[in-house]
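# Structural overview for review
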Amino acid sequence: MAAPRCRIDPCGVICLLLTYFSVFYADYVVVRYVLIPTFSGSVWCSLHGSVFNLILLLLLACHSKAVLSDPGKVPLPDTAIDFSDLRSQSSRMSERGCEGWTVCSRCETYRPPRAHHCRVCQRCIRRMDHHCPWINNCVGELNQKYFIQFLFYTGMASLYSMVLVVSAWVWRIRNERDGDAEKEGEETPSKHLIVAHYIILLVESVLFGVFVMVIFYDQLISIITDETPIEQMRNRLMIKDRGASSTSSSSSSSSSSQLPHPPSHTRKPKLALLREVFGRGSVFFWFLPLHSNPPSVGGVSYSALPDYDV
């Protein structure tokens, strides 16, 4: 029952190509039309060029890891599983500590707690956050670290390029104000091209910068609250249903007790939750696309089957 990591998604392929094109275009404009004309002959040209390209290198490395890494696919069984006795086994599931396991009708297998099925990847993903077309992959338990790093370095590259473009534009305006009339006729043909590159890069940096920073903030909130977007939506629906049922029951009985809260997993300290995603080593390594031990709950390693007879 082997299946490909992810089916070919046209939207995902287009987003991948657009991502790489945007990165290389930004590097070309910054080096060719910003650094060389503005800081030529200065140590700042080499310094800014090295730092900017280092950020882009880390961006591409994190992006590649997020694309190629397993997001946390639930293993498929080698043989078909008979679910006819699922109800009779429910009591034994609780006795052996396997509560929370569910059955995926699409994968035809058991899936561990907090796993959800992705319609694009056609697999169940452990602690699935969402399917991101920009990496053509799911964001799950095992690659969320690389996805967040990709967002972080994209935001840094966007901010850095905006600062460089604005500084180069100010430098060009000052030079023109000083009145270099002899070179003005020679620079006019290329001047419009340079300004066009500046505007395109600024628009690209603002759009991508704002977009990734919003997602970056949402990812951090998802980690420290220990709730994926799917779980947040489910909890909101449960609260809405509780509110509706509470309103209907209050009309019949004024002294009704409060309804129970939706079941939730044990909350952990925020630092522990961050370490589960970014690794338990030094904080310095949180910024590098290095492999870290996969998170686990109580040392449990997930297999195709929960710990009970089927």
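Right above here is the structure, for reference.
### Quick look at the packing of helix 2 (residues 43–68) against helix 4 (residues 144–178)
The interhelical angle for the contact between helix 2 and helix 4, taken along N-to-C directions, is 155°, at an axis separation of 8 Å. By the angle between their directions, the pair helix 2 and helix 4 is classed as roughly antiparallel. Helix 4 is crossed by helix 2, and the crossing has left-handed handedness. Seen from helix 2, the contacting residues are His 48, Val 51, Phe 52, Ile 55, Leu 56, Leu 58, Leu 59, Cys 62, His 63, Lys 65 and Ala 66; seen from helix 4, they are Tyr 146, Phe 147, Gln 149, Phe 150, Tyr 153, Thr 154, Met 156, Ala 157, Tyr 160, Ser 161 and Leu 164. Looking at the contact of helix 2 with helix 4 residue by residue, the classes come out as 16 nonpolar, five polar and one charged.

### Focus on the nonpolar core
What tends to happen in soluble globular proteins is that the nonpolar side chains get buried as a cluster. Judged by nonpolar contacts, the single largest core of 45 residues is most densely connected at Val 34, Leu 35, Leu 59, Ile 135, Tyr 198, Ile 223 and Phe 278. Those elements giving two or more residues to this core turn out to be helix 1 (10–39), helix 2, helix 4, helix 5 (181–224) and helix 7 (270–278). Looking at this core, the element that brings in the most residues is helix 4, giving 11 residues. Residues contacting Ile 223, with those up to four places away along its chain left out, are Gln 144, Ile 148, Leu 273, Leu 274, Val 277 and Phe 278. Listed in part, the six residues of the second largest apolar core include Val 74, Cys 107, Ala 115 and Cys 124.

### A word on the state of the cysteines
Evaluated as defined, the whole model comprises zero disulfides. Cysteine Cys 132 remains unbridged, with the sulfur of Cys 15 as its closest cysteine sulfur at 7.6 Å. For Cys 132, a relative accessible area of 6% corresponds to the buried category.

### What about the pattern of salt bridges?
Counted under the stated rule, the structure contains five salt bridges. Between Arg 126 and Glu 141 there is a salt bridge, and its shortest N-O distance comes to 2.8 Å. Of this pair, Arg 126 sits in strand 4 (residues 123–126) while Glu 141 sits in the loop between strand 6 (137–139) and helix 4, and the two are 15 residues apart along the sequence. Classification of Arg 126 by relative accessible area gives buried; the value is 12%. Overall, the relative accessible area of 10% leaves Glu 141 in the buried class. The residue Glu 276 makes a salt bridge to Lys 268 at a minimum N-O spacing of 2.5 Å. Among the residues examined, Glu 276 registers a relative accessible area of 12% and is labelled buried. Residue classification places Lys 268 among the partly exposed positions, given a relative accessible area of 34%. One continuous salt-bridge network, built from bridges that share partners, spans Arg 114, Asp 226 and Glu 231.

Rules used in this analysis
- Residues numbered from 1 in each chain as written.
- Predicted model: local features only at pLDDT ≥ 70, side-chain atom pairs only at ≥ 80, totals over all residues.
- Heavy atoms only, no water.
- Axes fitted to C-alpha atoms, helices over the stretch in contact; angles between N-to-C directions.
- Helix = DSSP H or I, 4+ residues; strand = E, 2+ residues; numbered from the N terminus.
- Parallel < 35°, antiparallel > 145°, perpendicular 65-115°, else oblique.
- Left-handed = near helix turned anticlockwise from the far one by under 90°.
- Contact = heavy atoms within 4.5 Å.
- Nonpolar A, V, L, I, M, F, W, Y, C, P; charged D, E, K, R; others polar.
- Core = buried A, V, L, I, M, F, W, Y, C linked by side-chain atoms within 4.5 Å.
- Buried < 20%, exposed > 50% of the residue type's maximum accessible area, 1.4 Å probe, protein only.
- Disulfide = S-S within 2.5 Å.
- Salt bridge = Lys/Arg side-chain N within 4 Å of Asp/Glu carboxyl O.

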